[in-house]
Amino acid sequence: MSFPTQRPRRLRRTETMRRLVRETRLSPDDLIAPLFVCTGEGVEEAIPSMPGCSRLSVDRIVAECRELASVGVPGVILFGIPDRKDPEGTEAWAEAGPIPRALRALRSELPELSLWADVCLCEYTDHGHCGPVGEGPDGRVEVLNDRTLPSLARAALAYAAAGADVVAPSDMMDGRVGALRAALDEAGRSDVTIVSYAAKYASAFYGPFRDAAGSAPAFGDRRAYQMDPGNSDEAIREVAADLEQGADVVMVKPALAYLDVVYRVKQRFGVPVAAYNVSGEYSMIKAAAAEGWLDGTRAAMEALVSIRRAGADIILTYFAKDAARLLA
Ligand code: PBG
């Protein structure tokens, strides 16, 4: 069948018809809001490279989460900004650290909100790498994989104890999902969900986040542990490994430049897939909108629906509150 019998435009003529044939919809149910938690009280420090986002102290985090919950956002993922950094990143598992304090407050104030804790050391190490640095087997200086695993497990246990429903390792060390699952199970916390950043690329799109979290590496880059942007077969292997080690949800990060990876992962494994619409993807739209070069709201909603269309079930996005409001 072809033209003139077939006229695809017939289905696009009115909004009611477009609504009827729309294949993919965005809902607040799909969204997780990333939040930056700092120490202190009454702190709300704007992040210049992420317009509309701030570093918030625990009291402000609670207020922000109340708002998010009221517009239907089901959960948040917390990133900690500590006062103190050291080579090992020990503040990551401190009971009085920003994430545990925020989790305890949120757990009692908003029991229904899904609380996710990002598990990584780069915000807590003074060199900004995702684990302790030292000489590898061949003498090359690198992030020491097997020495990082117990620290990640310690952090995950601390967050679980403080009330996290989900721990989300974003460090890209080999074997970390298995290490977290074993540590949690051993502590009697088989209930805690693991969302692994399974296919996390070494991306320029994390730039604004590193400003926000003060986590840019002091030397070198993350290409020796995060994935090469040219690879997608490797993403399949990473996802398979994380599922085997006990990941409940697998994440692809960033989202927009990697929609083919989101698609492949969803098609291949049929498990819940999350995609992280990262800081750079957010800030590009914000910056262009501020210049009047595009309609920021429409661009954001189009970007989010494209991530769903590619196969993501869950989207982590700094647009969460605005998008949920618009969808209400
Ligand atoms: C920590 C981490 C990063 C992001 C999430 N977790 C930064 C990085 O890997 O450098 C980036 C998120 C964003 O850009 O929005 N490892």
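The model shown is predicted, which means the values in this text are computed figures rather than measured ones. (Residues numbered from 1 in each chain as written. Predicted model: local features only at pLDDT ≥ 70, side-chain atom pairs only at ≥ 80, totals over all residues. Heavy atoms only, no water.)

Trainee: How should I be thinking about the site of the ligand in this particular structure?
Mentor: Among the 18 residues in the neighbourhood of the ligand, the closest are listed as Lys200, Arg210, Lys253, Ser279 and Tyr318. Serine 170 places a side-chain nitrogen or oxygen 3.4 Å from a nitrogen atom of the ligand. Here lysine 200 contributes a side-chain N or O atom positioned 2.7 Å from an oxygen atom of the ligand. (Near = heavy atom within 4 Å. Polar contact = N/O pair within 3.5 Å; in protein donor to acceptor, adjacent residues only side chain to side chain.)

Trainee: Explain the pairing of strand 11 (residues 273-277) here, please?
Mentor: With five of five residues buried, strand 11 lies mostly within the body of the structure. Because side chains alternate across strand 11, one face comprises the buried residues Val273, Ala275 and Asn277, and the other comprises Ala274 and Tyr276, equally buried. Where strand 10 (residues 249-253) and strand 11 come together, three bridges link them in parallel fashion. In the sheet register, valine 250 faces strand 11, and the bridge partner there is valine 273. Note on the crossover from strand 10 through helix 8 (residues 259-269) to strand 11: the handedness is right-handed. Two strands pair when backbone bridges link them, and strand 11 and strand 12 (residues 314-317) are joined in this way by four bridges, in the parallel orientation. Each residue of the ladder has a partner; that of asparagine 277, found in strand 12, is threonine 317. (Buried < 20%, exposed > 50% of the residue type's maximum accessible area, 1.4 Å probe, protein only. Helix = DSSP H or I, 4+ residues; strand = E, 2+ residues; numbered from the N terminus. Pairing = 2+ DSSP bridges. Right-handed = clockwise from strand over helix to strand, strands pointing away.)

Trainee: Before we go on, may I ask you to explain the pairing of strand 8 (residues 166-169) in this structure?
Mentor: Along any regular strand, the residues point their side chains to alternate faces of the sheet. On strand 8, burial covers both faces: Val166 and Ala168 on one face and Val167 and Pro169 on the other are all buried. Pairing of strand 5 (residues 114-119) with strand 8, which is carried by four bridges, proceeds in the parallel orientation. When the bridges of strand 8 are listed, aspartate 118 appears paired with alanine 168. Here strand 8 runs beside strand 9 (residues 193-200); their pairing, made up of two bridges, is parallel. Counted as the bridge partner of valine 167 is isoleucine 194 from strand 9.

Trainee: Would you mind going over the packing of helix 4 (residues 145-162) against helix 5 (residues 176-186) with me for this structure?
Mentor: Axes are the key here: two packed helices are described by the angle between their axes and the distance separating the axes. For the pair helix 4 and helix 5, interaxial distance at closest approach is 9 Å and the crossing angle is 45°. The orientation of helix 4 with respect to helix 5, classified from their angle, is oblique. Of the two possible hands of crossing, helix 4 and helix 5 adopt the one that is right-handed. For the pair helix 4 and helix 5, the contacting residues are Leu149, Leu152, Ala153, Ala156, Leu157 and Ala160 in the first and Arg176, Ala179, Leu180, Ala183 and Leu184 in the second. (Axes fitted to C-alpha atoms, helices over the stretch in contact; angles between N-to-C directions. Parallel < 35°, antiparallel > 145°, perpendicular 65-115°, else oblique. Left-handed = near helix turned anticlockwise from the far one by under 90°. Contact = heavy atoms within 4.5 Å.)

Trainee: So what exactly am I meant to see when it comes to helix 8 here?
Mentor: Given 3.6 residues to a turn, an α-helix orients residues that are three or four positions apart in the same direction. All buried positions along helix 8 are accounted for by Leu259, Val261, Val262 and Val265. Angular distribution of buried residues about the axis of helix 8 spans 160°; they occupy a single face of the element. Exposed residues pointing more than 90 degrees away from the buried face of helix 8 are listed as Gln267 and Arg268. The elements touched by buried residues of helix 8 are strand 9, helix 7 (233-244), strand 10, strand 11 and helix 10 (296-310). Among the residues trailing helix 8, glycine 270 stands out with phi positive, at a value near 60°. (Arc of directions from axis to C-beta.)

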